[in-house]
Amino acid sequence: MEETAVVPSLDVTMIEGQEPPLPEQVTIESFDGSTRERAVTWNLDGISFENSLFRNIQVTGSIEGSELTASANVFVIPDNPEYMIDCANPDSEAFERVTDMAGSKLMQDTADQEKTDSSTWGYVSVPGTDVERKSNAGTGTYETGWYALGGKEIAYQMTLPEGSHKITLGFNDWWGQHDDRPMTVYAKVNDGEEIKLCDVPAPKQELVQVSGTVELDAESLVTVTVTSAGSKDPILSWMTAE
């Protein structure tokens, strides 16, 4: 009987710009231990996956011949990035999902690290002096990150090959009440001049994702810096380069 059965929720990983890989059938589990497969029609009308990197988007589906409802959490990841930096989050599940992509071209083997003379990427801001780690009692990509201290900035360096590269950054104002935390992101190629990469609207109680592009004539060290454009210090949850 339907009242003695459940449909386990699904977790799927979706590549940005593609269709979510939702199954055509789901398993109904009865409390007596039996199972059966039923066709499902996923209800995606009105659901947008745009600008949703590293978010769980819940979708539901109608099960053929049943009053039960199927549900799935769709986790969105970028399409084969060169870097996926989950700021101050060494236990990043998002990083593991990106690493598990077939043909991954990630140029890193950890979610975050300090930039040193012997490494090709990492944060150059100094923890405890320039920035502090923020964690909202979890290890989700938007739950952790850096916040700058007293007028400081948040800066990373990445070595990137020749070509055009899309830099995307994610922000979550963990304190939520501020509407005076707009930011500006700058990029510098090697020892050149800083150029504006993009503006960041004040996150307030929303998750914010912004992007900009850098053009490289040769392999270069790119410095990305997040600065304050208001009265509050900058924050940063994650960054990717594609």
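Everything here concerns the structure above.
This is a predicted model, so every value here is computed, not measured.

Colleague: How should I be thinking about the environment of Val 59 in this particular structure?
Modeller: If you trace the backbone, Val 59 turns up in strand E5 (residues 56-63). What makes Val 59 buried here is its relative accessible area of 0%. The spacing of Val 59 and Gly 163 is 104 residues in sequence and 37 Å in space, taken between C-alpha atoms.

Colleague: For this particular structure, what's the right way to read the layout of surface pockets?
Modeller: Over the atoms rolls a probe the size of a water molecule, and in doing so it shows where empty space is left. There is about 170 Å³ of room inside the largest pocket. Lining the largest pocket are ten residues; nearest its centre among them are Asn 56, Phe 75, Glu 93, Gly 140 and Thr 141. In terms of residues, the lining of the largest pocket owes the most to one element, helix H1 (residues 93-99), which gives three residues. Classifying every residue of the lining of the largest pocket gives three nonpolar, four polar and three charged.

Colleague: Before we go on, may I ask you to explain the sheet that holds strand E13 (residues 183-189) in this structure?
Modeller: Consider a sheet: its strands pair through backbone hydrogen bonds, and that pairing is either parallel or antiparallel. Pairing is antiparallel across the open sheet formed by five strands, whose spatial order is E8-E11-E16-E13-E14. The sheet is open, and its two edges are formed by strand E8 (121-123) and strand E14 (195-200), each paired on a single side. Put simply, the sheet's adjacent strands are angled 15° from each other on average, direction ignored. Two strands pair when backbone bridges link them, and strand E11 (residues 154-160) and strand E16 (residues 220-228) are joined in this way by seven bridges, in the antiparallel orientation. By the bridge assignment for E16, Tyr 156 is matched with Val 224.

Rules of the game
Residues numbered from 1 in each chain as written. Predicted model: local features only at pLDDT ≥ 70, side-chain atom pairs only at ≥ 80, totals over all residues. Heavy atoms only, no water. Helix = DSSP H or I, 4+ residues; strand = E, 2+ residues; numbered from the N terminus. Buried < 20%, exposed > 50% of the residue type's maximum accessible area, 1.4 Å probe, protein only. 1 Å grid on protein atoms, 1.4 Å probe; cavity = no way out; pocket = protein on both sides within 12 Å on 5 of 7 lines; lining within 4 Å. Points joined across faces, edges and corners; volume = space filled by probe spheres on them. Nonpolar A, V, L, I, M, F, W, Y, C, P; charged D, E, K, R; others polar. Pairing = 2+ DSSP bridges. Axes fitted to C-alpha atoms, helices over the stretch in contact; angles between N-to-C directions.

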